[in-house]
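Results of the structural survey
Residue-level listing of the chains:
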Amino acid sequence: MYAGRFFVSLLGKKLSKNGLLKSSDSNSAHIALVEIGRSHDECLLPQIQWLKEAGCKITLVCNPEIRERNPIFEHYVHAFIEPVMDTSQWKDFWKMRKLVNDLRNAGVDKVVFNTAQGGHIRNACRFARKTRLECIGIIHTTRKFDGSFTQKLISKTIKKYFLLSKFLKERSKVSDDIQLEYFYPIHSIDSYPDPAKEQLTITLIGSVENRRKDLDSIPELIAQLPENAQLVFLGKSDASSEDRLKLERDPGSENQNNRLIFYDAFVPQEEFDRILKQSHFLLPLVHPDTPSADQYLLNQIPGAMILSFAYHIPLLLHKHYKNHTELATASYYYTTETFGEIVQKGFEELKEKRNQIKSEPSYQIDTQKKRYLDFVLS
């Protein structure tokens, strides 16, 4: 038995026998967006909105957790499939066959894999190869193109891939039969209030992990900031994790703990949005010659990059990454020694910098929407 649950919005349309909308009810394309894992849902909303605006029918295949924490999806999606995975390799293998058959029988034209990597996607692509379904994928790290055998199998079916930045597309090496494009998954924001001047808020997106952020640099950086400054780690972190405990116990930050803000649970979208709107800067905290440099701005982008473009919040980037020209309009560049003075300069120029980000042609939603739709619907 397939361990998924089907939830369908009827919208006055005919349904196939498995409960999904038939694309024959309209001349528009029927697109399935697939996210089997528990992450990267921040990339789904822009795609859903753009496809809806283009007149497409949308079936969303996602983990139940993703649907629960993104109630806005209900306004755009025609049908949901919420597969329960990780029961056993054998059962999960046949669930992918069932999923592909259900999408095909519902009249789905194209499948966009929101995270086009891993064993589940490999299995889905194996079954999709025998159908008329066109499969497109989003790659979140270019390492998947660098010798991954599983990715080579996936690429027998997926011939069109998105990257999430221009520089990732330019550094990716693929075979001649693969097409690459990039887009920024930027969704519209309801308002852009100016952050309060009384509190200087520097926000770090995601959890407290030294492999993703150079946490060892924080005591030196925060010591250069004024007393009204706080660093907010905007993402769920484990209070008992070794990385967080080490940071909190560091002699340089022990006296600064009241200026380090953590979340011990998943951050609701309303709180996430509220903190971003009061943030003066976003700090990826990626530094050369540290584990963070192996993760970001080489093989993948930090989440702060897309949020900077969407919310018009300046990025604080290490000077080492000044060669990433697509980030230049949004960024202030520092070294560990100059961090405090760069923050002060950015604070004084904040309104001007925000206007520059807002006006940058390459950061516009319409530009990203057109690039995305042209590639998917062509």
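My aim in this report is to walk through the structure given alongside it, one point at a time. Since the structure is predicted, the reported quantities are computational estimates derived from the model, not experimental observations.

Burial of strand β7 (residues 160-163) is two-sided: the residues Lys 160 and Phe 162 facing one way and the residues Tyr 161 and Leu 163 facing the other way are all buried. As judged from the three bridges shared by strand β6 (residues 134-138) and β7, these two strands associate in the parallel manner. Paired with Gly 137 across the two strands is Tyr 161, which belongs to β7. Where the polypeptide runs from β6 across helix α5 (residues 149-154) and back to β7, its parallel neighbour, the crossover connection is right-handed. Sheet topology note: the β7/strand β8 (residues 179-182) ladder contains four bridges and is parallel. By the bridge assignment for β8, Lys 160 is matched with Gln 179. After leaving β7, the chain enters helix α6 (residues 166-171) and then returns to the sheet as β8, a path that is right-handed.

Where a protein is soluble and globular, its nonpolar side chains tend to be buried together. Ranked by internal contacts, the top residues of the largest apolar core, which has 92 residues, are Phe 113 and Tyr 372. Looking at this core, the element that brings in the most residues is helix α11 (residues 303-311), giving seven residues. For Phe 113, the residues in contact, after removing those within four places along its chain, are Val 34, Ile 121, Ala 124, Cys 125, Cys 135, Ile 136, Gly 137, Ile 138 and Ile 158. Among the nonpolar cores identified, the runner-up in size contains 24 residues, and Val 208, Leu 225, Tyr 334 and Ile 342 belong to it.

Attention shifts here to the packing of aromatic side chains. Applying the stated rule across the entire model yields 18 aromatic pairs. Ring centres 6.4 Å apart and planes at 75° place the aromatic pair Phe 281 and Tyr 332 in the edge-to-face group. Of this pair, Phe 281 sits in strand β12 (residues 281-282) while Tyr 332 sits in strand β14 (residues 331-334), and the two are 51 residues apart along the sequence. Assessed through its relative accessible area of 7%, Tyr 332 is described here as buried. An aromatic cluster of at least three residues, connected via ring pairs, comprises Trp 50, Phe 162, Phe 183, Tyr 372 and Phe 375. Taking the ring centre of Phe 375 as reference, the NZ or CZ of Lys 160 above it sits at 4.9 Å. Just above the ring of Tyr 182 sits the side chain of Arg 371; from NZ or CZ to the centre is 4.1 Å.

Attention now moves to the environment of Glu 68. Tracing the backbone shows Glu 68 in helix α2 (residues 64-69). Sequence separation between Glu 68 and Glu 360 is 292 residues, and the spatial gap between their C-alpha atoms is 34 Å.

Moving on, we get to the pattern of salt bridges. Counted by the stated rule, this structure contains 26 salt bridges. The partner of Lys 98 in a salt bridge is Asp 102, with the nearest N and O atoms 2.9 Å apart. Taken together, the residues Lys 98 and Asp 102, both in helix α3 (residues 89-105) and four residues apart, mark about one turn of the helix. Here Arg 274 ties to Glu 271 by a salt bridge, and the two come within 2.9 Å at their closest N and O atoms. Taken as a pair, Arg 274 and Glu 271 lie in helix α9 (residues 269-277) at a separation of three residues, close to a single helical turn.

What counts as what
- Residues numbered from 1 in each chain as written.
- Predicted model: local features only at pLDDT ≥ 70, side-chain atom pairs only at ≥ 80, totals over all residues.
- Heavy atoms only, no water.
- Buried < 20%, exposed > 50% of the residue type's maximum accessible area, 1.4 Å probe, protein only.
- Helix = DSSP H or I, 4+ residues; strand = E, 2+ residues; numbered from the N terminus.
- Pairing = 2+ DSSP bridges.
- Right-handed = clockwise from strand over helix to strand, strands pointing away.
- Core = buried A, V, L, I, M, F, W, Y, C linked by side-chain atoms within 4.5 Å.
- Contact = heavy atoms within 4.5 Å.
- Phe/Tyr/Trp six-rings, centres within 6.5 Å; stacked < 30°, edge-to-face > 60°.
- Lys NZ or Arg CZ within 6 Å of the ring centre and 35° of its normal.
- Salt bridge = Lys/Arg side-chain N within 4 Å of Asp/Glu carboxyl O.

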